[in-house]
Amino acid sequence: MLEGVPMTAPVPEFFGRAGETDVHRYTLTRPGGLTVRILDYGAVIQSIEAPDRDGEYRDVVLGYPDLYGYVANNHPDAARVFLGAAIGRFANRIAGGTFTLDGVRHRVPQNDGKNSLHGGPAGFDTRVWSATPFPDGLRLTLTSPDGDQGYPGRLAAEVTYRLTSSGLHMTYRATTDAPTVVNLTNHTYWNLAGAGEVYDHRLEIAASRYCPTDAALIPLGSPVDVADTPFDFRRPSPIGARIAAADPQLALADGYDHNWVLDADSPFAARAWDPASGRLLTVRTTEPGLQFYSGNHLPSRGAGFALEAQHFPDSPNRPDFPSTVLRPGEVYHQETVYDLSTADGLPKG
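Parameters and conventions
Residues numbered from 1 in each chain as written. Predicted model: local features only at pLDDT ≥ 70, side-chain atom pairs only at ≥ 80, totals over all residues. Heavy atoms only, no water. Salt bridge = Lys/Arg side-chain N within 4 Å of Asp/Glu carboxyl O. Buried < 20%, exposed > 50% of the residue type's maximum accessible area, 1.4 Å probe, protein only. Helix = DSSP H or I, 4+ residues; strand = E, 2+ residues; numbered from the N terminus. Pairing = 2+ DSSP bridges. Axes fitted to C-alpha atoms, helices over the stretch in contact; angles between N-to-C directions. Phe/Tyr/Trp six-rings, centres within 6.5 Å; stacked < 30°, edge-to-face > 60°. Lys NZ or Arg CZ within 6 Å of the ring centre and 35° of its normal.

Engineer: Can you help me understand the pattern of salt bridges in this one?
Structural biologist: Should the charged atoms of two oppositely charged side chains come close, the side chains can pair. Tallied over the full model, the rule gives 15 salt bridges. Note that Arg 17 is salt-bridged to Asp 22, the shortest N-O span being 2.4 Å. Here Arg 17 falls in the partly exposed class, since its relative accessible area comes to 44%. Note on Asp 22: relative accessible area 32%, which makes it partly exposed. Arg 284 is paired through a salt bridge with Asp 339; the nearest N and O atoms lie 2.4 Å apart. Pair noted here: Arg 284 is in strand E24 (residues 279-285) and Asp 339 is in strand E28 (residues 332-342), with a separation of 55 residues, a long-range link. Relative accessible area serves as the criterion here: at 35%, Arg 284 is assigned to the partly exposed category.

Right under this line is the structure:
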């Protein structure tokens, strides 16, 4: 399917009710290419159907079949896994649930032990967004009022999903009426085989450094070199090769949930390849960091992995990290692309 061939705008399909609000699903399709289903609840990517090397289609992301799965798993007492959702206001963790901005201390929910995770228990993944379909995509908008989950400023957020000939292009924008912090991302879990574990997938991350963390996954000190550590994915490696490996110097018993500092000169952020199907995922982004999560706490451990393009964890408390501060008159802007194709292996270079 050529990029220039016109597409029709997706039609809303009733998907259920979240409280008193109707939730809809939108289907983006390119003949001979991908089929992507998106919810206005949580701006969730519910499914992506992609062909393998033989042209057979499988759903390559994790999702619930109905709205109940998303709503039930977004309850504060549930073990939230954020399947496919847009994350905000602040993706990843903020240490101690507090940060200081312009001399004012702000408290945000401690929903991950003593820390704040993914915007709090009522983050953007739990909201019904306003949807505007257009011929090759969907624009979703959300207004977060001043004080929402403890964050200052009225934030107008927008995520646009556009289906290209090979993948899904995501553009994020946000503006505020008062100084605040913003870190948006998408939390899709991938399984390029369409079923089973992902530990045999080959992963490559274009990063020479990563952020070591404490037991609560808060960064410690400055980023360090990945060389001679389990975090070196500069050359393709099976995702599971160093999880509980025999060599204690290379073992990572609990799996991955860390931030990599992306190399600025690389044409991609990460690539993953499934040998069984030949499906190849290439991630490109304008963001400085990539959180790789190996699905450690999914109900079926290792059923999927996430590659979350974002700023670094705990950035509001780390002036040495790239800034996540957004001020009135500025525009938060991020672009991330998930390209899907097939290959006989991970390309060289």
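Engineer: Looking at this structure, I do not really get the sheet that holds strand E5 (residues 57-59). What am I missing?
Structural biologist: Hydrogen bonds between backbone atoms are what pair the strands of a sheet, whose relative direction is either parallel or antiparallel. Read from one edge of the open sheet, 5 strands run E1-E2-E3-E4-E5, paired in antiparallel fashion. The open sheet has two free edges, formed respectively by strand E1 (13-18) and E5, since each of these has just one partner strand. Each strand of the sheet is rotated relative to its neighbour by a mean of 20°, with strand direction disregarded. Inspection of the sheet shows E1 paired to strand E2 (residues 21-29) by 5 bridges, in the antiparallel sense. Bridge pairing in E2 places Ala 18 opposite Thr 21.

Engineer: How should the packing of aromatic side chains be read in this particular structure?
Structural biologist: Two descriptors summarise a pair of aromatic rings, namely the distance from one centre to the other and the angle between the planes of the rings. Under the counting rule described, the total for this entry stands at 16 aromatic pairs. Where Tyr 210 meets Phe 231, the ring centres are 3.9 Å apart and the plane angle is 15°; that geometry is what we call stacked. With Tyr 210 in strand E19 (residues 207-210) and Phe 231 in the loop between strand E20 (224-225) and strand E21 (237-238), the pair connects residues that are 21 residues apart, well separated along the chain. Judged by relative accessible area, which is 6%, Phe 231 ranks as buried. Relative to Trp 260, the ring of Phe 231 has its centre 5.7 Å away and its plane inclined at 55°; by these criteria the two rings are tilted. Remark: Trp 260 occurs in strand E22 (residues 257-262) and Phe 231 occurs in the loop between E20 and E21; sequence separation between them is 29 residues. Take Trp 260: its relative accessible area is 0%, and that puts it in the buried class. Put simply, the rings of Tyr 210, Phe 231, Phe 233, Tyr 256, Trp 260 and Phe 292 pair up and form one aromatic cluster. Stacked on the ring of Phe 233, the Lys or Arg Arg 242 has its end atom at 4.5 Å from the ring centre. One cation-aromatic arrangement involves Arg 271 over Phe 268; the distance from NZ or CZ to the ring centre is 4.1 Å.

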